[in-house]
Every structure is written in C-alpha cells, then in structure tokens.
Amino acid sequence: MNQSVIQKALIAIIVASCLLFKTHAATVLIYHHVSDQTPKSTSVTTEQFQQHLELIKELKLTVVPLTTITNAIKNNTPVDNNWVAITFDDGYHSVYDNALPLLQQYNFPFTVFVNPKMVGPSKLYLDWDQLAELSKHQGLIANHTMAHENLVQDGLTDEQMIENIQQAEQMILEKLNQSHKLLAYPYGEYDDKIKKDLHKLGYVGFAQHSGAINETSELTALSRFPANGIYANPKTLKAKLNSIPFNIKSISPSDTKPMSNRPLLEVSLVNRDFYQSQLACFISGSSQPQKPEWVSDLEFKIASDNEIPKGRVKYNCTAPSITHSGRFYWMSKLFINL
C-alpha cells in the first residue's frame, strides 16, 4: 500500500471519528458581584469581567439568552457548539452599575436570578425599576426563590417550597412581565425530591456545580461554571468555555444526599472519546486527583479515599478529548453532606 493510500485512509478515519464524537456543548457562566468592593469569594472586578467578555469574543463564541439553550434541551435538539450564556445570581447592585455597561458594549444578553423579597430600594440589591431597565437591554429576569431560601436545609415542606417558587415567579411576572420558569437553586443545593417537584411545575433548575451541557443534560439540575473569586482567572476560564459534556448513559446515585461518608459515584457512558488512563477526578477537600476504577470499557466508579467534609462536596471528573484537540470532557456530581 503506497503512502498516498495510507494518508487517505488516515484522513477518513479522523473524519469518521470527528463525526462520531461531534460536539454539542453549551456552557453557562455564573457570577454574583461585579465589583472590587464586595467579598472576593463571590466577586469579579470590573476589569476581570471585561477580560471574560473579551475572551468570549476572541474564542468566537455566541452569547445567547439562557432560554435558547433550555429550549433546545426541552426539544431534544442539538445545542450549538459555540453557545454560552451569562448569568448572575441574587440581583446585586453591581450588575446594574458595573456589568450592564460592558454587556451593552459587547451586545451580550444575560440572565439575572432574583429573590423578590430582597429586591430594593437598597444599597446592595437592585430595585424593580433597575430590573426593568436591565430587561430593556437583553436581560432575562428569573426565579431564585422568594428570599434565597435553602431548599434542602431550611426545612420547607413540599407545599411551602412549591408556594415559594410560584409566588416568586408570579411577582416577577407582575412587576416585569417576564416568566421563563427558570429557577437557580440558592447555594446550588437540590435533591431528588426538589427535582421531582420542579419537573411537575414545568421549571428548569440551575445548580452551581461545573460542567458543559447538551441536549441530553438533566433539565432540573443544569450545571454552570462559577466565574468569580478563585475561578476568575481567564486562562482557566478558557478551558471551561471550551469544555465538552461526557456522553452519559446513567449516573448513580442521582440524589445529592450521600449514603456514606465516602460516597461511591458510578458512571456509565454511551461512548468514549478519551483514553481511560487520562480520566482524573477531583474531590472537594482533597488536593490531589484520584484515579477512578474502570469496570468496563464504558463504565467507571470512584469513591473518596477519605471521609468527605461537611457541606457541599463535588466530584469533578475531566479527560482530554482525542478527536477535539485541546478540549476537555468535564462533569461534576454534587453531594450535600449534612
């Protein structure tokens, strides 16, 4: 076989592999404060925020309304490989003062999740007039519960939780004529019971664990990449914006409440576009990655070597793609250790 034939065969294999592992990967960023006068752990400076917007532009990504992504998932149609959405939780004043002028400059749409009982007038939170102004400049205003209640730990009954969410949605509708049935979980906390209730109500739920999403992602627990505090570095943000969701067949457990202090995560994949040896998982509270145990060619499991700490614990797993050079598969599983 001559060299030309071999080259053509290799090209055909590469093309076939790219088609098999074609990426559909939208990312959603989450911010809180855009200011250098607010807590660093939940803030980006105005300068950092502009760097993020410039990075999105340089990567030639398309910033879309959050509903563009959720509607695609609802309709089981492919999300676009270049889509990214920008979200803000809590409705802080700095979104209006510092973020909005930059978002207007770049002509980027965005979503602000608010707690109606905490809407101003206030030095900290936006008021309804300011939220209405955001609405005029491609801002979607969405539900973050009435007063930032923790839906897992605050002891709300199902009836109280449903009433809370519905009241918040109704107030946003009355004040701003917006109702998108998008809910961001306060503190990013949810469990199977809450997801079930949210599904019945017809809402989409957004968490705070990281990872890209696609049309197969779970609508009641969509992931977002934090982009503030220690996550504000544009170099690491670039990798997240270019991340790809694992093509997951099943994941166990589905609930966030661990059955032990060393919870076992079991994942079954539809296909695999990475080498088994390059899959690494990072567990909150541990400084070193852990290697998962492969059960079969498409199934792996991992448990923490040590007892997990109290509070929100995440198992983050990543692997470099074979067919998409420089891009990483990325998934995160949340546990809430009470």
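Refer to the preceding data block for the structure.
In this report, we go over the structure that sits alongside the text. (Residues numbered from 1 in each chain as written. Predicted model: local features only at pLDDT ≥ 70, side-chain atom pairs only at ≥ 80, totals over all residues. Heavy atoms only, no water.)

Structural notes on the sheet that holds strand β12 (residues 264-269)
- The strand order across the open sheet formed by 4 strands is β11-β12-β15-β14, and the pairing between neighbours is antiparallel. Only two strands of the sheet have a single neighbouring strand rather than two, namely β11 (248-252) and β14 (293-296). Sheet twist, expressed as the mean angle between neighbouring strand axes with direction ignored, is 20 degrees.
- Direction of pairing for β11 relative to β12: antiparallel, over a ladder of 4 bridges. (Pairing = 2+ DSSP bridges. Helix = DSSP H or I, 4+ residues; strand = E, 2+ residues; numbered from the N terminus. Axes fitted to C-alpha atoms, helices over the stretch in contact; angles between N-to-C directions.)

Considerations on helix α5 (residues 128-135)
- W128, Q130, L131 and L134 are the residues of α5 that are buried. Projected down its long axis, α5 carries its buried residues within an arc of 160 degrees, all on one side.
- Lining the buried residues of α5 we find α4 (93-106), β6 (110-114), β7 (139-143) and α6 (158-176).
- Its side-chain oxygen placed 3.1 Å from the backbone nitrogen of D129, D127 serves as the N-cap of α5. (Buried < 20%, exposed > 50% of the residue type's maximum accessible area, 1.4 Å probe, protein only. Arc of directions from axis to C-beta. Contact = heavy atoms within 4.5 Å. Polar contact = N/O pair within 3.5 Å; in protein donor to acceptor, adjacent residues only side chain to side chain.)

What about the nonpolar core?
- Residues F49, I56, I86, F88, L103, L131 and L134 are the most contacted members of the largest nonpolar core, which totals 37 residues.
- Those elements that provide at least two residues to this core are β1 (27-31), α2 (46-58), β5 (83-89), α4, β6, α5, α6 and α8 (234-241).
- Filtering out sequence-adjacent residues up to four positions away, I86 remains in contact with L29, Y31, L53, I56, V63, L103, F108, P109, F110 and T111.
- Among the nonpolar cores identified, the runner-up in size contains 20 residues, and V267, F274, W294 and A319 belong to it. (Core = buried A, V, L, I, M, F, W, Y, C linked by side-chain atoms within 4.5 Å.)

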